[in-house]
Amino acid sequence: MFFRGTLMCSIIYVAVLLLPLVDLSFWGWSSSVSATPQPRKVPGGSWEALQRQKRNWVWNQFFVLEEYTGTDPLYVGKLHSDVDKGDGNVKYVLMGEGASSIFTIDENTGDIHATKRLDREEQGYYTLRAQAVDRETNIPVEDESEFIVKVQDINDNEPKFPDGPYTAAVPEMSPLGTMVVQVAATDADDPTYGHSARVVYSIIHGQPYFSVEPKTGIIRTALPNMDRERRDQYVLVIQAKDMMGQMGGLSGTTSVTVMLTDVNDNPPRFPHKPYQCSVNESLVVASEVTRLKAEDADLGPNAEMDYHIVDSDGPGMFSIITDEETQEGVIILQKPLDYETKNTFSLRVEATNRNIDPQFLTFGPFSDTVAVKVNVKDVNEPPVFTTPLSKMVVSEAARVNTTIGTVLARDPDSANSSIRYSIDRNTDLERYFNVDSLLGVITTAKALDREVNSVHNITIFAIESQDPSQVGRGTAVITVMDINDNAPVFAIEYETLVCENASPGQVIQTISAVDKDEPPGGHRFFFSLASPATSNHNFTLRDNKDNTASVLTSRDGFQRREQALYQLPVLITDSGSPTLSSTNTLLVRVCDCDVEGVPQACGAVAHTLPAGLSTGALVAILACIFTLLVFVLLIVMMRHRRKEPLILEDERDVRENIVRYDDEGGGEEDTEAFDMVALRNLNIIEMFWGNDIKWFDTRFLTNNRISLCIMAWT
């Protein structure tokens with residue numbers, strides 16, 4: 001079986017006849033193969049076995065043009081088997097991709113047709129299988145054969161720019177031929193067949209500023225020194241045409257937007273010359289005076305600039321800084337203005353580019369200067385103190401109305417208004433001072449005490465007489481000088497202990513003193529025992545000559561039972577003028593100490609009954625107590641029996657009142673709180689128990705007479 005196609009196939013068919021002479025594997029063709037012998041039908045309906053024979057395949061590939069637009073099916077080729085003798089016994093069958101749906105075969109003749117329009121870009125080839133079978137039995141008369149139908153390309157796709165439209169940037173003032181961007185177009189046609197996919201680039205719109213390389217699509221500048229400040233954007237139209245740009249080729253276009261980026265090729269320039277401004281003389285130091293700006297056609301960092309004052313007739317009066325957001329020069333006041341002293345200033349300001357590109361230095365210089373005139377306007381200013389801070393001293397012994405010092409203020413304006421003075425009482429709440437409203441003389445208004453407040457900070461107001469709203473402020477620092485008006489005293493409250501076994505000359509305490517005064521040369525204290533302690537035989541005092549003194553024992557054998565506490569008066573004298581002194585009492589407690597001299601117990605010792613008290617004394621005491629108890633018991637029994645008062649006065653009927661209270665009375669003259677008549681008939685039994693003495697006290701009030709029985713022992 002062999003295949004036969006269209007005119008193209010016919011030409012190839014001739015070439016196939018030469019297959020035995022050439023190597024067909026290079027072209028994709030099959031070599032000769034042997035077929036299995038097939039039976040042959042003989043007259044009478046029987047099949048005759050055929051001898052095995054060699055069968056030549058002509059070609060296994062067909063070609064068909066894409067995008068066929070005819071109305072009839074497109075003839076692809078023809079199948080023919082050597083077994084087919086043209087008697088109609090052989091039927092051709094087509095199988096595989098697109099069989100029946102795209103490709104059809106005439107079962108009698110083996111002609112193959114394409115019934116649909118093919119597109120190589122969708123599918124480039126189809127693999128089909130063909131077989132010759134017996135028409136009656138459908139038994140294959142030959143082996144199944146596979147072949148390919150290849151869709152042949154035509155130029156039916158225009159070039160396209162998959163990444164378009166493009167945006168690119170190139171620095172302004174770039175030299176000729178500077179690369180801007182590269183564009184690329186693709187063509188869906190077969191690049192291996194003809195020139196359908198071979199693209200050539202050209203520029204349609206954008207000349208004479210830019211050009212494009214035909215083969216690579218690289219866009220370059222076509223003019224040197226393009227200026228962004230004149231034109232910063234160009235829109236190019238680039239065309240890509242297949243068939244190598246020949247007539248009949250298809251083309252596609254894209255746009256390329258080229259932005260010129262800025263370079264520092266423009267120096268700063270002041271648009272106005274000279275500058276002039278006016279400010280009030282009351283302008284606060286560090287305030288803004290005026291702003292000026294040099295224009296620069298560049299952008300961003302290329303337009304950044306610094307300002308400098310290169311000349312001024314008021315040195316140090318002004319400074320200038322750059323506002324980073326607006327690139328303006330801001331003139332700042334550095335010293336106070338005074339219209340009466342100088343009412344105009346002349347400056348010269350320079351603006352310089354901060355980032356200068358060396359390759360554009362020929363475009364310079366990249367700086368500019370301008371003259372600035374500052375006019376000072378007169379305003380009504382508050383009074384000004386000749387000395388804003390006045391320091392004064394006064395003795396704390398100064399009497400009322402003592403002059404301390406004088407403050408002076410003036411009106412800085414040409415009107416020279418008179419001034420009135422006053423004290424800000426918020427700074428002198430205790431009203432220690434006064435100020436003369438016309439002369440500014442400060443005097444004391446009350447007695448001063450350095451120990452209470454050693455420094456007074458007061459604010460003085462200076463007010464214009466013609467315009468009271470204009471108020472100047474000054475400060476007077478008044479230091480109170482010390483005098484010796486405080487006597488020295490003990491530095492702390494001392495707790496002094498002495499052991500019973502202390503030896504003579506032992507230091508039991510070191511004392512020091514303090515004094516509220518502050519003499520210029522420092523404190524010097526003198527210590528001594530005050531009279532009458534100077535002649536005591538228990539303790540002595542030694543002045544250490546360093547503002548301290550030591551207390552020493554003069555004897556040994558201290559006994560708590562004899563005396564538990566000693567009071568030692570100490571006289572402390574300062575070295576001031578006049579000399580002041582004070583007597584301070586030092587309490588010395590006697591303590592029972594261990595062998596190391598550590599106090600164990602201090603203070604008085606409690607008394608107990610003597611060990612040698614006789615039995616007769618104890619019996620007498622108990623008998624007395626018993627007699628008294630019996631006597632009281634009899635009185636109570638008689639009262640219950642008679643229902644009468646225990647004690648009656650002959651002349652007056654007195655009620656019995658027993659009053660118990662814890663209030664402290666007012667003495668003999670206090671007769672209003674209680675009924676004194678009732679108190680005269682009280683029977684009180686009191687018993688007191690102490691550490692050293694015990695006694696029993698019974699008071700009987702009968703006929704205003706008191707019988708007292710006291711028994712005591714020690």
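- You'll find the protein chain entered in an unreviewed UniProt entry as Cadherin domain-containing protein, with Electrophorus electricus given as the organism.

1. Looking at the pairing of strand β7 (residues 74-80)
Alright, step 1. Buried residues dominate β7, accounting for five of its seven residues.
Alright, step 2. When β7 meets strand β10 (residues 111-114), the two strands line up antiparallel, connected through four bridges. Note on β10: the bridge partner recorded for L74 is A114.

2. Here's the deal with the side chain of S550
Alright, step 1. Note that S550 resides in strand β41 (residues 548-553).
Alright, step 2. Judged by its relative accessible area of 5%, S550 is buried.
Alright, step 3. With residues up to four places along the chain from it excluded, the contact list for S550 reads V507, Q509, T510, T540, L541, R542 and N544.

3. Details of the pattern of salt bridges
Any two side chains of opposite charge can pair, so long as their charged atoms come close to each other.
Alright, step 1. What the rule picks out here adds up to 20 salt bridges.
Alright, step 2. Of the charged contacts, one joins R291 and D323 as a salt bridge, the two residues approaching to 2.9 Å between their closest N and O atoms. One end of the pair, R291, is in strand β21 (residues 288-292); the other, D323, is in strand β23 (residues 318-323), with 32 residues separating them in the sequence.
Alright, step 3. R291 gets classed as partly exposed once you look at its relative accessible area, which sits at 33%.
Alright, step 4. Taking the shortest distance from any N to any O, the salt bridge between R354 and D306 comes out at 2.7 Å. Pair noted here: R354 is in the loop between β25 (344-353) and β26 (367-377) and D306 is in strand β22 (residues 305-312), with a separation of 48 residues, a long-range link.
Alright, step 5. With a relative accessible area of 30%, R354 lands in the partly exposed category.
Alright, step 6. Using a relative accessible area of 26% as the deciding quantity, one classes D306 as partly exposed.

What counts as what
- Residues numbered from 1 in each chain as written.
- Predicted model: local features only at pLDDT ≥ 70, side-chain atom pairs only at ≥ 80, totals over all residues.
- Heavy atoms only, no water.
- Buried < 20%, exposed > 50% of the residue type's maximum accessible area, 1.4 Å probe, protein only.
- Helix = DSSP H or I, 4+ residues; strand = E, 2+ residues; numbered from the N terminus.
- Pairing = 2+ DSSP bridges.
- Contact = heavy atoms within 4.5 Å.
- Salt bridge = Lys/Arg side-chain N within 4 Å of Asp/Glu carboxyl O.

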